[in-house]
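Working through the structure, step by step
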Amino acid sequence: TRQGKKGTNQDAMVAWENFNGRSDTVFCGVFDGHGPHGHLVARKVRDTLPLKLCDLIYCDYGESPTSNSDGSVLEESLSPYPDAEDKSSTFTAQKEEHLEFFDSMKESFRKAFRVMDKELKLHRNIDSICSGTTAVTLIKQGQDLIVGNLGDSRAVLGTRDQNGHLVAHQLTVDLKPDHPSKYLSLSSLN
């Protein structure tokens, strides 16, 4: 039974390709429920949070700065050699646009988590006072990876070094109630 007893699994996960209508974008989330109704909370967040996030991203930002109006990916025009003034200004403009995009995504994540929390408190069949869920979510868009984390679940990225050995990179910081930074943690990898 899934009563939140020690040893029972209360996890939920989701992977959504073509997130926000973009072929180069994927949303993934893992939700670890806890408490008597943790399994219900984790499932509710799994089923609802991605939709809220998708709506907020579109409302907050609309088209991504890395896409054309038809949704196709813009060609990279950055040069590693900023010797020409026009290339340097192009690089600066694209960097500023990228930072604006990340700030918008960060705010969309925060809003989605807040809205989800309010919705859970109003849900009659879920006791969100004694039950809850952690959340590790990410959006991979092109080469960008944006991670949103709430709670003590952890995201780790595996890469290979020059010798082909697997190397783990911790992407999130465990957020616990007694930790001074217990609120949503967001990071971006580029």
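Summary of the structure given here. Remember, it's a predicted structure, so these values are computed and weren't measured experimentally.

Digging into the overall build of the chain
- A tally of helices and strands in the chain yields two helices and seven strands.
- If you list the helices and strands of the chain from N to C, you get β-β-α-α-β-β-β-β-β.
- Within the chain, the fraction of its 190 residues that count as buried is 33%.
- Long-range pairs, those at least 24 residues apart, make up 60% of the contacts in the chain between residues at least 6 apart in sequence.
- When the accessible surface of the chain is summed, it comes to about 11,900 Å², and 52% of that surface belongs to carbon and sulfur atoms.

Section: the environment of Gly21
- With respect to the helices, strands and loops of the structure, Gly21 is situated in the loop between β1 (11-17) and β2 (25-34).
- By relative accessible area, Gly21 is classed as exposed at 71%.
- As for Gly21 and Cys54, which are separated by 33 residues in sequence, their C-alpha atoms are 9.2 Å apart.

Quick notes on the pattern of salt bridges
- Using the criterion set out here, one finds seven salt bridges in the structure.
- Close ionic contact of Asp174 with Arg154 constitutes a salt bridge, the shortest N to O distance being 2.7 Å. Linking Asp174 in the loop between β6 (166-170) and β7 (185-189) with Arg154 in the loop between β4 (144-150) and β5 (156-160), this pair joins segments that are 20 residues apart in sequence.
- Look at Asp174 and you get buried, because its relative accessible area is 18%.
- By sharing partners, the salt bridges in this structure join Lys44, Lys52 and Glu119 into a single network.

As for the side chain of Thr25
- When you line up the elements, Thr25 lands in strand β2.
- Classification of Thr25 as buried rests on a relative accessible area of 1%.
- Discounting residues that sit within four places of it in the chain, Thr25 has contacts with Trp16, Glu17, Asn18, Phe19, Ile139, Lys140 and Gln141.

Some remarks on the packing of aromatic side chains
- Counted by the stated rule, this structure contains two aromatic pairs.
- When the centroid spacing of 4.9 Å and the interplanar angle of 90° are considered together, the rings of Trp16 and Phe19 count as edge-to-face.
- Here Phe19 falls in the buried class, since its relative accessible area comes to 1%.
- An aromatic cluster is present here, built from Trp16, Phe19 and Phe27 joined pairwise through their rings.

A few points about unusual backbone geometry
- Backbone geometry places Asn18, a non-glycine residue, at a positive phi of 55°.
- Counting through the fold element by element, Asn18 comes out in the loop between β1 and β2.

What to know about the environment of Gly142
- Following the sequence through the fold, Gly142 ends up in the loop between β3 (132-141) and β4.
- Along the backbone, Gly142 and Arg22 are 120 residues apart, and their C-alpha atoms lie at a distance of 9.7 Å.

Observations regarding the side chain of Arg22
- You can see Arg22 is positioned in the loop between β1 and β2.
- A distance of 3.2 Å separates polar atoms of two side chains, one belonging to Arg22 and the other to Thr25.

Thresholds applied
Per chain, residues are indexed from 1 in the order of the written sequence. Two thresholds apply to this predicted model, a pLDDT of at least 70 for residue-level local features and 80 or more for giving and counting side-chain atom pairs, whereas whole-chain, interface and lining totals are computed over all residues. Calculation of side-chain values draws on the structure's entire complement of heavy atoms; hydrogens and water are dropped beforehand. Secondary structure elements are taken from DSSP: a helix is a run of H or I of four residues or more, a strand is a run of E of two residues or more, and numbering for both begins at the N terminus. When accessible area is computed with a 1.4 Å probe and restricted to protein chains, residues below 20% of their type maximum are described as buried, those above 50% as exposed, and intermediate ones as partly exposed. Contact definition: two residues touch when any of their heavy atoms are within 4.5 Å. Accessibility throughout is a Shrake-Rupley quantity obtained with a 1.4 Å probe, and a residue counts as covered only by protein chains that appear here. We define a salt bridge as a contact between a side-chain nitrogen of Lys or Arg and a carboxyl oxygen of Asp or Glu at a distance within 4 Å. Between 30 and 60 degrees the pair is tilted, below 30 it is stacked and above 60 it is edge-to-face, where a pair is any two Phe, Tyr or Trp rings, Trp via its six-membered ring, whose centres lie within 6.5 Å. Polar contact is defined as a pair of N or O atoms within 3.5 Å, subject to the rule that within protein one atom must be able to donate a hydrogen and the other to accept it, and that residues adjacent in sequence are counted only when both atoms are side-chain atoms.

Note that all results are geometric; they support no functional claim without further evidence.
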